[in-house]
Amino acid sequence: MIKLIWNYENTMPDSSLFRSGTVDVQIAHKAFAGSQGKLLALTNILLTIDPGEFVCIVGGSGCGKTTLLRIIAGLETDYAGVVALDGTPITGPGLDRGVVFQEHRLFSWLTVHDNVAFGLSRLPPAERALKIRHYINLVGLNDFEYEYPHQLSGGMSQRVAIARALVGSPEVLLLDEPFASLDALTRMRMQQEILRIWEAERTTVVLVTHDIEEAVYLADRVVIMSTQPGTIKKILPVGLPRPRDRADREFVRIRKSVHDEFFDPGTIAPMVPNGSRSVS
Amino acid sequence: MSTAEQNRRLVWKRVTESPAKPTSPSGRSAGGSISSLRSIRVPDQLLGWIIPVSTLVLWELLARAGVLPPNWLPAPTVIARTIYELAVAGDLWRHVGITLGRVALGFLLGAAAGTILGGLTGYASLARKLLDPLLQSLRSVPSIAWVPLFLLWLGIQESSKIALISLGAFFPVYLNLSVAMRHVDPKLLEVGRLYRLTSFQMVRRLILPAALPEYIVGLRSGLGLAWMFVVAAELLGASSGIGFLMVDGQMTGRAAIILASVILFAVFGKATDWMMNAVGRKLLGHRAR
C-alpha cells in the first residue's frame, strides 16, 4: 500500500524541467456521489509518466482506472489533487490529449474521412487534407476513406477512432479499454497496430485495460491498481524488447507476477454493491 | 429487391419456362401439375394488388349490372370520368391548387414553429422547463376543439384554416425534435467536449445531425396531420378546395364527386409524403439505408 501525505501545491515541479508529453498525476482522492453517500473512487494516486512512454493501467472493475484516465483527459475535474501535462495543470479537455474509448464513438452521419477530420482544429485546407490522409494511412484505412461507420467492422471502427484521436497531434494518447469489445484475434492484431502507431508517432500512451497479457505485451510500465479504494498497488517495469513473444519465459514470468499481485490474498477486494462497480 | 423475392422470381421463372423439369427446391414437382403449382410464388408487390384489383373489377361489374345504386356507389369508371370532367372544366386544378396551397402554408408555419420551439426546448433545459409542460397540456386538447375559437378570432376566411393546419403540423415536429435533441447519446456529446466545441458548434456539428432522423419522422407525421386538418377545415366551411368539392357532392347528392375527392386527397397526400420522404432520404444520405 502506498501511504502518502503530501502538499501537492508545493510539489508541482517546474514546467521547464519537462519534455513534451509528461503526465504528472497527484490525486489525493476522488469521490462520486452515490445513493448511500459518497463513494471513494480513487485515493493516493502518485504517478509520473515520461514523454513517449507507454503505460498500461491494469485493474479489476471498480478500481477507478477509467476514472483516472478520465481525469487525465480532463473529463472529470472534481477531485482533490493536481494532474498536470508538461507542468500545466489540467482543468478540462484539450487537443493536447487524444482519447479513444471502449466504444468507437464515431459519428454515424460522417464518413471515415470526416470522422477523422472532426479531431482537427482550423488549419489551412492543404495541410488539413494532408494530415487527415496521413492518419488514415497510418491506421491502414486508405481504401475506406469514404465509407460510413456502419459499413466498418469493430476493429476498423476502432482504427478510425485512433486516427481521430491522433490527427490533432496530441502529446498524450489516452486509451480506455480500446480493444475490450473486439474478438481475440482482432484484439491481438490491434495490439500490434497500436505499438506500430506508437513507434511511428512517439506520443505518450496511457492505456487502461483489465487484460493482464495485453498490459505486459504493450507497456513500458504496468500500473497495477487495487479496488476499494482504488489506488496504485504496484508499478512494474517491463524491460522486454519489442516485438514481444507472449510465450517467452520472461514474458510469462512478468505476466504471472502481475497476476499474483491481483490474487494476493491480502488484497482480494470485498464484494461491493453494484452501484460502486460502475466506477471502473 | 430482397433475396427472398429474387428466389421467388427465380422459382417463378423456372416454373413458367420449363414446367416439365423438376422445379421446386425440394425436387418433388417432377410429375403432376399440382405439385408444380405449389411452387409457384408471386412477388410480394403483386400479392398486394390481388384484392384491390379484384374488388374494383367486382364493384364495376355490380355497378354496371345495376345491383349498386349509382347515386350511392357509382362505378369506378364513373368516378374516373368525374375526375376527368372536373379536370377538363378546370375546376379540379383550382380546388387542388387551393388545397395544396393551404397544406403548404399551414405545414410550413407549423413546422417552422415546431422547429424553433423544439430546438429551443431540446437544447436549453430552462426553455424546456418553461415551455414543455404548457405545450404538452395543449397537445392533449384534440386540435379540432380549437375550431370555434379560431373561427371567432380569425373569421371564416383563410386565416382560421391555416391556423388549424399549422396546429396539426406543429406538435409532431416539436415533439420529435425536442425529444431527439435531448436524447443524443451522452457518449457522443463527450466526444464534442473532448474537442472543445462551443455550444453553437455542439448543436450544429453534433446535436442536430444526431437528431436529424427523428426530426424527419416528425416532419413526415406533421405533413400527414396537415392533410388531416385541411380536410377538417374545408369540410367545416369553405368555398373552394377538395374538401369543398366533397361537401358540394354531398349537398347535391353526387357520390361520384365525394369519391373523386377522396381519391384526390389520397393521391396528393401520398405524393407530398413521397416527396418529403425523398427529401429525408437525401438529407440522411447513407444513414437512410
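Residues numbered from 1 in each chain as written. Chains lettered and ligands numbered in written order. Predicted model: local features only at pLDDT ≥ 70, side-chain atom pairs only at ≥ 80, totals over all residues. Heavy atoms only, no water.

(A) Geometry of the overall build of chain B. The helix and strand tally for chain B stands at twelve helices and zero strands. Starting at the N terminus and walking to the C terminus, you meet the elements of chain B as α-α-α-α-α-α-α-α-α-α-α-α. Residues counted as buried form 39% of the 289 residues belonging to chain B. Only carbon and sulfur atoms are counted for the fraction: they give 68% of the accessible area of chain B, which is about 16500 Å². (Helix = DSSP H or I, 4+ residues; strand = E, 2+ residues; numbered from the N terminus. Buried < 20%, exposed > 50% of the residue type's maximum accessible area, 1.4 Å probe, protein only. Areas by Shrake-Rupley, 256 points an atom, 1.4 Å probe, with all protein chains shown as cover.)

(B) Quick peek at the pattern of salt bridges. All names here are of chain A. Scanning the entire structure with this criterion turns up 25 salt bridges over all chains. Residue E213 is joined to R255 by a salt bridge in which the shortest nitrogen-to-oxygen separation is 2.9 Å. Pair noted here: E213 is in helix 7 (residues 212-218) and R255 is in helix 8 (residues 249-263), with a separation of 42 residues, a long-range link. Accessibility expressed as a relative area gives 24% for E213, which makes it partly exposed. On the basis of relative accessible area, R255 is assigned to the partly exposed category, the value being 29%. The partner of R253 in a salt bridge is E250, and the shortest N-O contact between them spans 2.8 Å. Residue R253 and its partner E250 are located together in helix 8, separated by three residues, close to a single helical turn. Residue classification places E250 among the partly exposed positions, given a relative accessible area of 34%. (Salt bridge = Lys/Arg side-chain N within 4 Å of Asp/Glu carboxyl O.)

(C) Molecular detail of helix 8 of chain A. Residues and elements named next belong to chain A. Here helix 8 contains 15 residues, and its C-alpha end-to-end distance of 21 Å stays within 8% of the 21 Å for a straight helix at 1.5 Å per residue. Turning to helix 8, its buried residues number three or more, namely F251, I254, V258, E261 and F262. Angularly, the buried residues of helix 8 cover 105° about the axis, an arc narrow enough to put them on a single face. Exposed and oriented more than 90 degrees from the buried face of helix 8 are R249 and F263. Taken together, the buried residues of helix 8 touch strand 3 (54-58), helix 7, strand 9 (221-226) and strand 10 (231-237). Two to three positions downstream of the cap, the backbone nitrogen of E250 sits 3.2 Å from a side-chain oxygen, assigning the N-cap of helix 8 to D248. (Expected span 1.5 Å × (residues − 1). Arc of directions from axis to C-beta. Contact = heavy atoms within 4.5 Å. Polar contact = N/O pair within 3.5 Å; in protein donor to acceptor, adjacent residues only side chain to side chain.)

(D) Just the interface of chain A and chain B, in detail. Listed per partner, the contact involves 24 residues of chain A and 16 residues of chain B. For the pair chain A and chain B, the summed buried area comes to about 1900 Å², and 62% of that belongs to carbon and sulfur atoms. Contact with chain B buries area across many residues of chain A, yet R105, W109 and F118 of chain A alone supply 36% of it, more than any other trio. In this structure, the connection of chain A to chain B is made through three salt bridges. E103 of chain A is the salt-bridge partner of K187 of chain B, the closest N and O atoms lying 3.6 Å from each other. Put simply, chain A and chain B have six residue pairs in polar contact (both at pLDDT 80 or more) between them. Contributing elements (two or more residues each) for the side of chain A that touches chain B: helix 2 (65-73) and helix 5 (154-166) of chain A. Of the residues contributing to the side of chain A that touches chain B, the split by class is twelve nonpolar, seven polar and five charged. (Buried area = accessible area lost by both parts, 1.4 Å probe. Nonpolar A, V, L, I, M, F, W, Y, C, P; charged D, E, K, R; others polar.)

(E) Molecular detail of unusual backbone geometry. All names here are of chain A. Cis geometry is found at the peptide bond from R242 to P243, where omega equals 0°. Relative to the helices and strands, P243 is located in the loop between strand 10 and helix 8. In the Ramachandran plot, S169 falls in the positive-phi region, its phi being about 50° despite a non-glycine side chain. With respect to the secondary-structure elements, S169 resides in the loop between helix 5 and strand 7 (172-176).

(F) Quick look at the pairing of strand 8 (residues 204-209) of chain A. All names here are of chain A. The element strand 8 is largely enclosed, with a buried count of six among its six residues. The side-chain alternation of strand 8 yields two buried faces, one formed by T204, V206 and V208 and the other by V205, L207 and T209. Here strand 3 pairs with strand 8 via five bridges, running parallel. Counted as the bridge partner of V58 is T209 from strand 8. (Pairing = 2+ DSSP bridges.)

(G) Looking closely at the sheet that holds strand 5 (residues 88-89) of chain A. All names here are of chain A. Taken together, four strands build an open sheet; the order of strands is 2-1-4-5 and the sheet is antiparallel. Either end of the sheet is taken by a strand with one partner, and the two such strands are strand 2 (37-49) and strand 5. Across six bridges, strand 1 (residues 23-34) lies against strand 4 (residues 80-85) in antiparallel orientation. If you follow V23 over to strand 4, its bridge partner there is L85. The strands touched by helix 2 are strand 1, strand 2 and strand 4; relative to strand 1, the strand with the most contacts, the crossing angle is about 120°. (Axes fitted to C-alpha atoms, helices over the stretch in contact; angles between N-to-C directions.)

(H) Region of the structure containing the confidence of the model for chain B. In this model, chain B carries an average pLDDT of 85, and 85% of its residues clear a pLDDT of 70 or more. Scored below 50 in pLDDT, residues 17-32 of chain B makes 17 contacts in the model with residues more than four places away or belonging to other chains. (pLDDT = per-residue confidence, 0-100.)

(I) Expanded view of the sheet that holds strand 9 of chain A. Residue and element names in this part refer to chain A. The strand order 6-7-8-3-9-10 describes an open sheet built from six strands, whose pairing is mixed. The open sheet has two free edges, formed respectively by strand 6 (97-100) and strand 10, since each of these has just one partner strand. Across this sheet, the average inter-strand angle for adjacent strands is 20°, counted without regard to direction. Together, strand 6 and strand 7 form the strand contacts of helix 5, whose direction differs from that of strand 6 by roughly 165°.

(J) Seen up close, the packing of helix 11 (residues 242-251) of chain B against helix 12 (residues 255-284) of chain B. All names here are of chain B. As a packed pair, helix 11 and helix 12 sit with axes 8 Å apart at the nearest point and diverge in direction by 160°. Classified by the interaxial angle, the pair formed by helix 11 and helix 12 is roughly antiparallel. Pair helix 11 / helix 12 crosses with left-handed handedness. Between helix 11 and helix 12, the residues in contact are I242, G243, L245, M246, G249 and Q250 and I257, I258, S261, V262, L264 and F265, respectively. Tallied by class, the residues present in the contact of helix 11 with helix 12 amount to eight nonpolar, four polar and no charged. (Parallel < 35°, antiparallel > 145°, perpendicular 65-115°, else oblique. Left-handed = near helix turned anticlockwise from the far one by under 90°.)

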